[in-house]
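So you can see what is in the structure, the chains are spelled out below.
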Amino acid sequence: MTTPRPRRSPRTQHEAQVLELLRVQGSASRAQIAAETGLSRATVSAIAANLRRSGLVVRSDVTVTGTGVGRTPERLALNPGSRVIVGVEFSHTRVTVVVSDVTHRVLGSKVREHGGDEPWERRLATAVRFIDALVVNPASLIAVGMGVPGAISGRTAVVARVERHLAERYGVPVRVENNARLAGLAEFSWGAGRDMPDLVYLRLSEGVGGLLIVDDEPRLGASGSAGEFGHVCIDPNGPLCRCANRGCLEAYVGLGTLLPLVGAASVGDLVDALDRADPRAQAVINAAGARIGLVLANTCRILDVSSVVLGGPLAQAGDHLVRAVRQAILRHLHHDGAERLRLRTAELGDLDGALGGVALVLRDRTIAIGRRSTSTTAPREKAPTA
Ligand SMILES: [Zn+2]
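Note that the structure is predicted; figures quoted are calculated from it, not measured. In every chain, residue numbers begin from 1 and rise along the written sequence. For this predicted model, a pLDDT threshold of at least 70 governs which residues receive local features, and a threshold of 80 or more governs which side-chain atom pairs are given and counted, while totals over whole chains, interfaces and linings are taken from all residues. To obtain the side-chain values, all non-hydrogen atoms of the structure were used and water was disregarded.

A. Region of interest: the nonpolar core. Here, nonpolar core refers to any group of buried Ala, Val, Leu, Ile, Met, Phe, Trp, Tyr and Cys residues whose side-chain atoms link them within 4.5 Å. Type-normalised accessible area, obtained with a 1.4 Å probe on protein chains alone, sets the label of each residue: buried when under 20%, exposed when over 50%, and partly exposed for intermediate values. Core analysis: the biggest nonpolar cluster contains 44 residues, and L22, I33 and L355 have the highest contact counts within it. Per-element accounting of this core gives the leading share, seven residues, to helix 13 (residues 352-363). With 40 residues, the next largest nonpolar core counts Y252, V262, A288 and V295 among its residues. Only DSSP runs of H or I covering at least 4 residues are called helices, and only runs of E covering at least 2 are called strands; the numbering of each starts at the N terminus.

Structure follows, in structure tokens:
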């Protein structure tokens, strides 16, 4: 998700710094740009004037809510022009596509649920149909960010085929990442983790995955598989996991294990049972929370991270789950570490993985996002994120 930057002359380097900041943040005031880039206010003003003259940057119409008095400082954003980014998530049971402009405005989205045994050809056909419907002018497309389940380091032939098909059909770069990590990237960019520079994101679904953010940067590890919380061993003598090890967190708290324990057909059923204080459902969620909390406490202990976001379908259990997880973390962490802990549930809902695809492209400095065409892609939906 990070790439080395090419060398540039100081002025273009400063301009690039400002453009990169706007690309990742969507919009910012001159004061914020100065604070975050370390450039002087005068330099930022000169650069901003220059970028606005060249049409690369415009005044943002994003309204910032806050308690400040007096005039709201003018915010700057990249010129959205007509250029768009597509985010696609192929989960185990769903195809999701979102289209966003470069100012982080979501222009449209489509979702289709399918059975777990849906062939990849049909998943791909669904994604293509959605992209064709949402992107009116294919020439406006900058890139596709795509999330898929499983480890990316050992990318399967089928994922490579899907990636190649999209790249050839639309003639744009396609970036691929694990879908749980992308969901975390979206929460970090626009959701529950947006004000957290250090963050552990956990996605609790059929599988359990996640993302580590340290010092404002996603950490992928040596082989690109950091954040595989689902396969952290919590009991070497525990049940067999689909990864062939024993006692992985996922073997205990994956939905495929949890729901049958409660006799629930869906997470909705589980939440209903919890809301009516069903003792069996409470015991199951408390045990799951204790195990999740143990892994999180160990992670927080090692990395000194104090912010946690719980996402994925199981996070719909809300306070029922958060309470149990918090209790376990408090039990395992030193007092002051636990005091600082910020534990939240995710905010972006089912679009999280696909939105993460958009964030992946926005953060990839090797993908140029300058204007290429003058035709329009009409906004279809009000943005859930800004
Ligand atoms: Zn495992």
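B. Just the side chain of R94, in detail. Within the secondary structure, R94 sits in strand 5 (residues 94-101). Residue classification places R94 among the buried residues on the basis of a relative accessible area of 12%. What makes two residues a contact is simply this: any of their non-hydrogen atoms within 4.5 Å. Not counting chain neighbours up to four residues away, the residues in contact with R94 comprise E89, V111, R112, E113, H114, R203 and D350.

C. Inspection of unusual backbone geometry at higher detail. Unusually for a residue other than glycine, A244 sits at a positive phi of about 85°. Its place among the elements puts A244 in the loop between strand 11 (217-219) and helix 7 (249-253). Here A244 falls in the exposed class, since its relative accessible area comes to 59%. Of note in this structure, D304 is not a glycine but carries a positive phi near 55°. Looking at the element boundaries, D304 is found in the loop between helix 10 (279-303) and strand 12 (307-311). Judged by its relative accessible area of 53%, D304 falls in the exposed class.

D. Fine view of the packing of helix 9 (residues 267-275) against helix 10. Working convention: axes come from line fits to C-alpha atoms, limited for helices to the stretch in contact. Angles between N-to-C directions cover 0 to 180 degrees. The contact between helix 9 and helix 10 brings their axes to 8 Å, and the two run at 110°. In terms of orientation, helix 9 and helix 10 fall into the roughly perpendicular class. In this structure, helix 9 crosses over helix 10, and the sense of that crossing is left-handed. Contacts between helix 9 and helix 10 pair L270, A273 and L274 from the former with A281, Q282 and I285 from the latter. Just so you know the grouping, Ala, Val, Leu, Ile, Met, Phe, Trp, Tyr, Cys and Pro go in nonpolar, Asp, Glu, Lys and Arg go in charged, and all remaining residues, Gly too, go in polar. A per-class count over the contact of helix 9 with helix 10 returns five nonpolar, one polar and no charged. What sets the label is the angle itself: under 35 degrees gives roughly parallel, over 145 gives roughly antiparallel, 65 to 115 gives roughly perpendicular, and the rest give oblique. In this scheme the handedness of a crossing depends on how the near helix is turned from the far one: anticlockwise by less than a right angle means left-handed, clockwise means right-handed.

E. Spatial organisation of the sheet that holds strand 10 (residues 208-214). Two strands are counted as paired when DSSP detects at least two bridges linking them. Ordered in space as 11-10-9-12-13, the five strands form an open sheet in which the pairing is mixed. Either end of the sheet is taken by a strand with one partner, and the two such strands are strand 11 and strand 13 (342-345). Here the average twist between neighbouring strands, direction ignored, is 25°. As paired strands, strand 12 and strand 13 are joined by four bridges and run parallel to one another. Note that in strand 13 the partner of V309 across the bridge is R344. Contacting strand 9 (199-204), strand 10 and strand 11, helix 6 (residues 179-190) crosses the sheet at an angle of about 130° to strand 9. Packing of helix 11 (residues 319-332) onto the sheet brings it into contact with strand 9, strand 12 and strand 13, and relative to strand 13 it is tilted by some 155°.

F. Examining the coordination of the zinc ion more closely. Any N, O or S atom lying within 2.8 Å of the metal counts as a donor, and for Na, K and Ca the limit rises to 3.2 Å; water is left out, so some sites can look incomplete. Only H231 (ND1), C241 (SG), C243 (SG) and C248 (SG) from the protein reach the zinc ion as donors, at distances of 2.1 to 2.3 Å. Its four donor atoms give the zinc ion angles of 103 to 123° at the centre, a pattern that matches the tetrahedral case. Mapped onto the sequence, the residues coordinating the zinc ion show the spacing H-x9-C-x1-C-x4-C. Metal sites are grouped by the angles between bound donors: all angles between 85 and 135 degrees with four donors is tetrahedral, opposite donors over 155 degrees apart with the others between 65 and 115 is square planar for four donors and octahedral for six, and any other pattern is irregular.

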